[in-house]
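Observations on chain architecture
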Amino acid sequence: MVTETNLSPEQHKKLSRIVYKESGVVLNEKKYSLLVARIAKRMRITKIASVSDYISVISSNPQEFTEFIDATTTNHTFFFRENKHCEYLIKTLDPKTPLKIWSAASSSGEEAFSIAVQLLSNSFSLSIFASDVSDSMLKLGRRAVYPMDRVKNVPLSMLRTYFQKGKDRWKDHVRVKPEVQQLVRFAKFNLLSDTPDDTFDIIFCRNVMIYFDTPTRQRVVDNLCRALKPGGYFFVGLAESLNGLDHSLTTILPSGYQKK
């Protein structure tokens, strides 16, 4: 039974440092409640009674360390979130040109599949590399099954064309059809430490850099820009920008950039 869910200043500092080193996510005092909630959930699952014991476990158990990082860096997402970027691409690009796209913080796959179905419905040829640091999120992306509330923004015509409605115990879920799934490759990638081995026409890295400090954001942008083809497009979240960073990108719309 869990008996301790508060963090001492030292414990908060240590856990925050672990998360920052592994993922670049900053869990400062404003994120204290989030960290406590995620820790408490892992402690309930593992039946570890105190934070000090849990810290000892993640220091020696690689599996639980991975679960801890997953729990503290995973964020909620849904289909057609911040859709203006995709609408811009559809209006701007020639459908005859095949596109290589990187969804660089893909979470459980909603962003990658949202891009895929919209471009498919406009006759684009494409392939998408969907990466994340979380093993559990990648597993969900590969499964491609989502609760109905995640697809509430998907137009009915696309929902009927590219999704299968679940039955019986899955009646409140949908599954992305195989012809869409085959366009998306999910793989683990740490934006801080891994090096891209391919180049892309379009890179989405949305709603993740808002959790980074400036030095980490610079490292991530440098890493991603190396993988962006000349003339390629780079998108961050609507609440994010590249202000204050050194880069070779030109602003083309709010939170949208193009490589010179």
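Above this note sits the structure.
A short tour of the structure in this document, coming up. (Residues numbered from 1 in each chain as written. Predicted model: local features only at pLDDT ≥ 70, side-chain atom pairs only at ≥ 80, totals over all residues. Heavy atoms only, no water.)

Looking now at the overall build of the protein. Per the secondary structure count, the protein includes ten helices and ten strands. A compact globule built from 260 residues should have a C-alpha radius of gyration of about 18 Å, and the protein, at 19 Å, falls within 12% of that. Each of the three principal axes of the protein carries a C-alpha extent, and together these read 60 × 55 × 30 Å. A total of 260 residues make up the protein; the buried ones form 51% of that total. Excluding contacts between residues fewer than 6 apart, the proportion of contacts in the protein whose partners are at least 24 apart in sequence is 74%. (Helix = DSSP H or I, 4+ residues; strand = E, 2+ residues; numbered from the N terminus. Rg over C-alpha atoms; globule rule 2.2 N^0.38 Å. Buried < 20%, exposed > 50% of the residue type's maximum accessible area, 1.4 Å probe, protein only. Contact = heavy atoms within 4.5 Å.)

Once that is clear, we can look at the sheet that holds strand S2 (residues 126–132). Reading across the sheet, the seven strands line up as S6-S2-S1-S7-S8-S10-S9 and stay open at both edges, with mixed pairing between neighbours. A strand with exactly one partner marks an edge of an open sheet, and here the two such strands are strand S6 (184–188) and strand S9 (249–253). On average, adjacent strands in this sheet sit at an angle of 20° to one another, irrespective of strand direction. Strand contacts of helix H6 (residues 110–121): strand S1 (99–103), S2, S6 and strand S7 (200–204), with the helix running at about 170° to S2, the strand carrying the most contacts. (Pairing = 2+ DSSP bridges. Axes fitted to C-alpha atoms, helices over the stretch in contact; angles between N-to-C directions.)

This paragraph deals with the pattern of salt bridges. Under the definition given, this model contains seven salt bridges. The salt bridge involving Glu64 is made with Arg42; its shortest N-O contact spans 2.8 Å. With Glu64 in helix H4 (residues 62–73) and Arg42 in helix H2 (residues 32–46), the pair connects residues that are 22 residues apart, well separated along the chain. Both residues of the pair, Glu64 and Arg42, belong to the buried class. As a salt-bridge pair, Lys188 and Asp135 come within 3.2 Å of each other at their nearest N and O atoms. Here Asp135 lies in helix H7 (residues 135–143) and Lys188 lies in strand S6, a separation of 53 residues in the sequence. For Asp135, a relative accessible area of 34% translates into the label partly exposed. Three or more residues are tied together by salt bridges with common partners; here these are Arg42, Glu64 and Glu67. (Salt bridge = Lys/Arg side-chain N within 4 Å of Asp/Glu carboxyl O.)

Once that is clear, we can look at helix H5 (residues 84–92). Residues of H5 that are buried include every one of His85, Cys86 and Leu89, and no others. All buried residues of H5 fall inside an arc of 95° around its axis, so they share one side. Among the exposed residues of H5, those pointing more than 90 degrees away from its buried face are Lys84 and Lys91. At its buried positions, H5 is contacted by H6, S7, strand S8 (228–235) and S9. (Arc of directions from axis to C-beta.)

Let's shift gears to the pairing of S9. Bridge count between S9 and strand S10 (residues 256–259): four bridges; the pairing is antiparallel. By the bridge assignment for S10, Leu253 is matched with Gly256. Taken together, S9 and the strand that follows it, S10, pair antiparallel across an intervening segment of two residues, in which Ser255 is found at a positive phi of about 65°.

Any two packed helices are characterised by the angle at which their axes cross and by the distance between the axes. Between helix H1 (residues 9–23) and helix H3 (residues 51–60), whose axes approach to 11 Å, the crossing angle comes to 25°. Classed by the angle they form, the pair H1 and H3 counts as roughly parallel. In this structure, H1 meets H3 at a crossing whose hand is left-handed. Here Gln11, Lys14, Leu15 and Ile18 of H1 lie close against H3, whose contacting residues are Val51, Ser52, Ile55 and Ile58. Class assignment for the residues of the contact of H1 with H3 results in five nonpolar, two polar and one charged. (Parallel < 35°, antiparallel > 145°, perpendicular 65-115°, else oblique. Left-handed = near helix turned anticlockwise from the far one by under 90°. Nonpolar A, V, L, I, M, F, W, Y, C, P; charged D, E, K, R; others polar.)

Take the sheet that holds strand S3 (residues 145–147) next. With antiparallel pairing, three strands are arranged side by side in an open sheet as S3-S5-S4. The sheet terminates laterally at S3 and strand S4 (163–165), the two strands that pair on one side only. If you compare each strand with its neighbour and ignore which way they point, the axes differ by 30° on average. Direction of pairing for S4 relative to strand S5 (residues 173–176): antiparallel, over a ladder of three bridges. Among the inter-strand pairings, Lys165 is bridged to a residue of S5, identified as Val174.

Once that is clear, we can look at the environment of Ser131. Of note, Ser131 is situated in strand S2. As a C-alpha pair, Ser131 and Phe189 span 58 residues in sequence and 5.5 Å in three-dimensional space. The residues contacting Ser131, other than those within four sequence positions of it, are Trp102, Ser103, Ala104, Ala105, Ser106, Leu138, Ala187 and Phe189. Polar contacts involving the side chain of Ser131 include one to the main-chain carbonyl oxygen of Ala104, which spans 3.5 Å. (Polar contact = N/O pair within 3.5 Å; in protein donor to acceptor, adjacent residues only side chain to side chain.)

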